[in-house]
Amino acid sequence: AYGMHPCKVQLPGVEASTGSLGHGLPLAVGMAKGARGRGAKHRVVTLMGDGETGEGSVWEAALLISSLKLNNIIFIIKVNYSQSSTPFFHT
């Protein structure tokens with residue numbers, strides 16, 4: 001229902017139009033860190049596909065969440081065994 005790349009102009013609640021795999025979680029980490037710095041009480045949520053978890057930037061962002069002790073971020077991983085438009089299989 002969301003297509004390949006979410007568009008903030010077309011989907012209510014989407015704060016950023018993302019591009020290549022691996023951009024969403026690092027962007028969400030920055031938003032969560034900024035929100036915490038402002039004292040905001042909301043949480044930042046990002047949706048990723050399982051194929052995206054192979055990107056180094058996703059792992060770096062996940063490690064940063066832990067390092068910064070961010071507790072206002074949620075990431076949801078959709079397991080569809082697809083990376084862009086190509087199926088892949090976990091081993």
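Further up the page is the structure itself.
If you're wondering where the values come from, they're calculated on a predicted model, not measured in any experiment. (Residues numbered from 1 in each chain as written. Predicted model: local features only at pLDDT ≥ 70, side-chain atom pairs only at ≥ 80, totals over all residues. Heavy atoms only, no water.)

## A word on the pairing of strand 1 (residues 44-49)
Thinking step 1. Only one face of strand 1 is covered, namely the face carrying Val44, Thr46 and Met48; the face carrying Val45, Leu47 and Gly49 is uncovered.
Thinking step 2. Both strand 1 and strand 2 (residues 73-78) contribute to a ladder of six bridges, which runs parallel. Of the residues in strand 2, the one forming a bridge with Val45 is Ile74.
Thinking step 3. Of the crossover connections in this fold, the one passing from strand 1 over helix 2 (residues 56-68) to the parallel strand 2 is right-handed. (Buried < 20%, exposed > 50% of the residue type's maximum accessible area, 1.4 Å probe, protein only. Helix = DSSP H or I, 4+ residues; strand = E, 2+ residues; numbered from the N terminus. Pairing = 2+ DSSP bridges. Right-handed = clockwise from strand over helix to strand, strands pointing away.)

## Here we look at the nonpolar core
Thinking step 1. Grouped together as the largest cluster of nonpolar side chains are eleven residues: Leu25, Ala28, Val29, Ala32, Val44, Met48, Val58, Ala61, Ile65, Leu70 and Ile73.
Thinking step 2. Only helix 1 (24-38), strand 1 and helix 2 provide two or more residues apiece to this core.
Thinking step 3. Element by element, the count of residues in this core is highest for helix 1, at four residues.
Thinking step 4. The residues touching Val58, leaving out its near neighbours within four places in the chain, are Gly22, Leu25, Met48, Glu52 and Thr53. (Core = buried A, V, L, I, M, F, W, Y, C linked by side-chain atoms within 4.5 Å. Contact = heavy atoms within 4.5 Å.)

## Digging into helix 2
Thinking step 1. With 13 residues, helix 2 should cover 18 Å at 1.5 Å per step; its first-to-last C-alpha distance of 18 Å lies within 8% of that length.
Thinking step 2. Listing the buried residues of helix 2 in full gives Val58, Ala61 and Ile65. For helix 2, the angular spread of the buried residues around the axis is 65°, confining them to a single face. For helix 2, the exposed residues lying more than 90 degrees away from the buried face are Trp59, Glu60, Leu63, Ser66 and Ser67.
Thinking step 3. Phi turns positive one or two residues past the end of helix 2, at Lys69, with a value near 55°. (Expected span 1.5 Å × (residues − 1). Arc of directions from axis to C-beta.)

## Section: a nonpolar patch on the surface
Thinking step 1. There is a patch of nonpolar side chains on the surface, built from Val45, Leu47, Ile74 and Ile76 and spanning about 340 Å² of accessible area.
Thinking step 2. Contributing elements (two or more residues each) for the nonpolar patch: strand 1 and strand 2.
Thinking step 3. For Leu47, the position within the fold is in strand 1.
Thinking step 4. Exposure remark for Leu47: the relative accessible area of 52% places this residue in the exposed category. (Patch = residues over 30% accessible without salt bridge, like charges linked within 9 Å, V, L, I, M, F, W, Y side chains within 5 Å. Areas by Shrake-Rupley, 256 points an atom, 1.4 Å probe, with all protein chains shown as cover. Salt bridge = Lys/Arg side-chain N within 4 Å of Asp/Glu carboxyl O.)

## Some details on the side chain of Glu52
Thinking step 1. Residue placement: Glu52 occurs in the loop between strand 1 and helix 2.
Thinking step 2. Buried charge without a salt bridge: Glu52, with Lys78 as the nearest opposite-charge side chain at an N-O distance of 11 Å.
Thinking step 3. Dropping the residues within four chain positions of it, Glu52 is found in contact with Leu21, Gly22, His23, Gly24 and Val58. (Lys, Arg positive; Asp, Glu negative; His and termini not counted.)

## Section: the environment of His42
Thinking step 1. Assignment of secondary structure puts His42 in the loop between helix 1 and strand 1.
Thinking step 2. The spacing of His42 and Ala32 is ten residues in sequence and 8.7 Å in space, taken between C-alpha atoms.
Thinking step 3. Not counting chain neighbours up to four residues away, the residues in contact with His42 comprise Ala35 and Asn72.

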